[in-house]
Every structure is written in structure tokens, then in C-alpha cells.
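# Examination of the molecular architecture
Listed here are the chains, written in short residue letters.
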Amino acid sequence: MLLHIRTCFSMFLAYRNGPLTFNFVQQKEPKSDKVEEEVSLMDLLKYVYSNNLPTTLHDLLHLLVIADKFEVASCLRDCTRSLQNMPMTCETASLYLDLPPSLQTSPTVEPLIDAAKQFLVAHFKDFNQCNEEMLNLPLAGIQVVLSSDDLQVTSEGVVFDSVLTWARKQYPNSEERREILKTHLLDLIRFPFMTIPQLTEKVQTCSDIDCELAKQIVIRALSFKAETPHRKRCLATEKVNVVSRQFVERAYKFQAIKVKVVEFESPQHCIVFLHLTRKDLRRIFPDGEMMSESFHLGKQELVFVGRCYLGDITKKHNFCLALKVVGSAAPLPVKYEVAIRENPLEEFDSWRTWTRGSYVFTEQVSVLNIIDVDWTRYMSDDNGYFINDVQYVRVELMTKK
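As a starting point, this report considers the structure included with it. (Residues numbered from 1 in each chain as written. Predicted model: local features only at pLDDT ≥ 70, side-chain atom pairs only at ≥ 80, totals over all residues. Heavy atoms only, no water.)

### Thoughts on the environment of glutamate 91
You can see glutamate 91 is positioned in helix α5 (residues 90-97). Exposure remark for glutamate 91: the relative accessible area of 59% places this residue in the exposed category. Separated by 25 residues in the primary sequence, glutamate 91 and alanine 116 place their C-alpha atoms 10.0 Å from one another. (Helix = DSSP H or I, 4+ residues; strand = E, 2+ residues; numbered from the N terminus. Buried < 20%, exposed > 50% of the residue type's maximum accessible area, 1.4 Å probe, protein only.)

### Describing helix α9 (residues 139-146)
Within α9, 6 of the 8 residues are buried, which leaves it mostly tucked inside the rest of the structure. Along α9, the positions that sit buried rather than exposed are Leu139, Gly141, Ile142, Val144, Val145 and Leu146. Contact partners of the buried residues in α9: α5, α7 (110-123), α8 (132-135), α10 (156-170) and α11 (174-185). (Contact = heavy atoms within 4.5 Å.)

### A few points about the sheet that holds strand β2 (residues 269-277)
Read across the open sheet, the 5 strands follow the order β1-β2-β10-β7-β8; overall the sheet is antiparallel. The open sheet has two edge strands with one neighbour each: β1 (259-264) and β8 (351-361). Neighbouring strand axes in the sheet, compared pairwise and without regard to direction, differ in orientation by 15° on average. Pairing of strand β7 (residues 332-341) with β8, which is carried by 10 bridges, proceeds in the antiparallel orientation. Following the sheet pairing, tyrosine 336 is matched in β8 by glycine 357. (Pairing = 2+ DSSP bridges. Axes fitted to C-alpha atoms, helices over the stretch in contact; angles between N-to-C directions.)

### Some details on the pattern of salt bridges
Per the counting criterion, the structure on display carries 15 salt bridges. In this structure, arginine 278 and aspartate 381 form a salt bridge, with 3.8 Å as the shortest nitrogen-oxygen distance. In this pair, arginine 278 sits in helix α16 (residues 278-283) while aspartate 381 sits in the loop between α17 (375-379) and β10 (390-399), placing the two residues 103 residues apart along the sequence. Accessibility expressed as a relative area gives 4% for arginine 278, which makes it buried. Judged by relative accessible area, aspartate 381 falls into the exposed class, the value being 71%. For aspartate 389, the salt bridge goes to arginine 278, with nearest N and O atoms at 2.6 Å. (Salt bridge = Lys/Arg side-chain N within 4 Å of Asp/Glu carboxyl O.)

Quick look at the structure:
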């Protein structure tokens, strides 16, 4: 009885000090804060005297807030347990993450908040595009999703596009949207793992990011790309970078094919080396594709695209490695030679020419197939294309006058 008297007295003092607000729950027919407050106070009194809790999500959330206000620890604990026993959905997880700050940091409610975060991370793990569910997430929810290292997404460019789509729906006012992106979301995008075309064509020209800030983001990302592997690992683990995790690579579905480029000044001339592994190639069967890091021939940016496709006539799967122009291009005549390495132990004469020729890239024709071969024959163990499950490819390019 003494405990009940003390609880009721503390409730009276808290009630006298100011009204409560319940802005985190949207109702079809919203009641006034005063009515909500009185209903929740009655629920709390019922709990104090009979230990009974309401059964609906709406009422439990309101009771949770008022129990925190009046410091009724046992009610806070029992409400949390009841909410944890309810099915978790995107809607309920969003409500939990939108609770008042005092509840967000409460050790009693922490398991519920953690469960909501884990649900959202798992639910949006296969991150392909910004669907309707994601568009309806609150700011705290989208932050949780973006903080995950385990997003299985084709590239960080997809993440950037999705964040812009979400922000444009949630914040129609451009000034407010730019501020939200700057202060809450941009630090959660892994810009260093976007491709160079994505950085220059999407980020640097984005109207929702201040020009100077966009420039800083792009410079920082390009600087990271130029670092050694050891330095990249150090940057990812530095204390100042742990929170945003900008330098930590996600679980991307397709890793960019690494290229090494030897450039010559005159004439415009380069030699590009790339490695294709059987493991990566198996991931694109039967109809997927993979892309390389970009490189330049003179001023023109290029990438390699590897894909598996079903032939229209043969009805068999083929592997194709193509050279593709990035962005728009003026007519670009090139001479090319493609070679593969046959013996890793030999320093000289270990490259076998696969094909050579001339080609003109234009606005209408921006792709050149340099390897096109039957998939089964290409992936077999005795074809001589692979050395320890790696195919070493060398492509020499030179512009024609």
C-alpha cells in the first residue's frame, strides 16, 4: 500500500508539472493530447492497483511513455516485455525508434529498441531499390538501415539514389531536405565505394547537396581510392571514422573488377590488366553481369563489363567481356589487342593474343565485345584460359588518327 501511495503521489507531481504529448503515434481519428493523457493515466492507475496492462499496441505505447514520465519502473519493464512479445513489422519498428529520447536511452527499453533496429536491418538487407516500405520509414529508421555493413546492394550508387528518393518524399521543402541530408544522412553513405562516374555525374551535380560540400565529398572519396590497401584498412578503423563507417565496404552483390593501367602520353595509348576469377564469374550465371573500375583513354572514360547471356540462335549460355564508353562520347576510333596469360612462371612470351582489330565508339554504338565465348567451354577446367582459377587479361588500346 505504501508503494502505491508513493507512486500515485509522484504521478500527481509529474502531472502538475506539465502535460504529456504523444506525437509518435498516428491515429485515423486523433484525440486531443488531454484525452490521451487522461486515458493513459487511468491505464497506469489500473496497473498500479491491479497489475493489468492494456492489450493493444497503441495503448501500450502510450502507457510506456507515461510510465517513464512518472518513473514507474515496474510498469516500464512490463510494457517493454509485452511489446517484445508482439509481432515486429516495419510500422511497429518505426514507432519504437520514434519514441521520446528518454525512452531511447533507457536500459529497460533498450532490448526493444535493439530488436527494432535488427528487424529493419534484416528486412532491408536485400537493398535493391527504394520501395514503398522504405519510403515510409522515419528518419531514425532510414539511419539504422544505412548504418548496416551487411546491405546486399549492387553498388553504393543505388544507396545514394534511394536516400535522395526517400528525402524528397519525406521533406518536400528543398532547404529542409538539404539540411537533413547534410546533418543526418550523407555521413552514412559510403561515397569512397561509389564508382568515379557515379561520384562525378551524380554526387557532384546533385541539387540537394551544397556545391562546396559535394566537392569535398568527391575529393575525399577519390583520395581514399588512391590510398594503399593498408592505409585504407587503417582509415576504416580510425576512431573518428568508426561512427559514420564511410570507409567500410558493405556486402555488395557485385564487386568491381580491379584494373591496373599503364598509360602512355603520345599518342593516346594505354595497357589495361584485369583478373577474372571463376568464383566471381559463377555469380553472374545465368543472366547477370559484373563491371570493372573505370579508367581513361585520353580524356574518355571506359569500363569493362562482363556478362552471361543466353544466345538467341544457339540457346546456349555465353560469356561476353565488353569495353564500354562511360557517358556521352564524341566519335572515338581505337585500335585494340586482347591477350590472355598462359603460364604464370614465364616472364616473357607468356601472353597469347585472343583478338585484335579496330573500332569506332560513337553516341549510338558505345560497346565493343572483345571476348565472346561459349560459357561451358569457357568455364571448363581444361580450356587453358584459367591459371589457378584466375584468368589474366591484358587489353592494349590506342586512339587512331
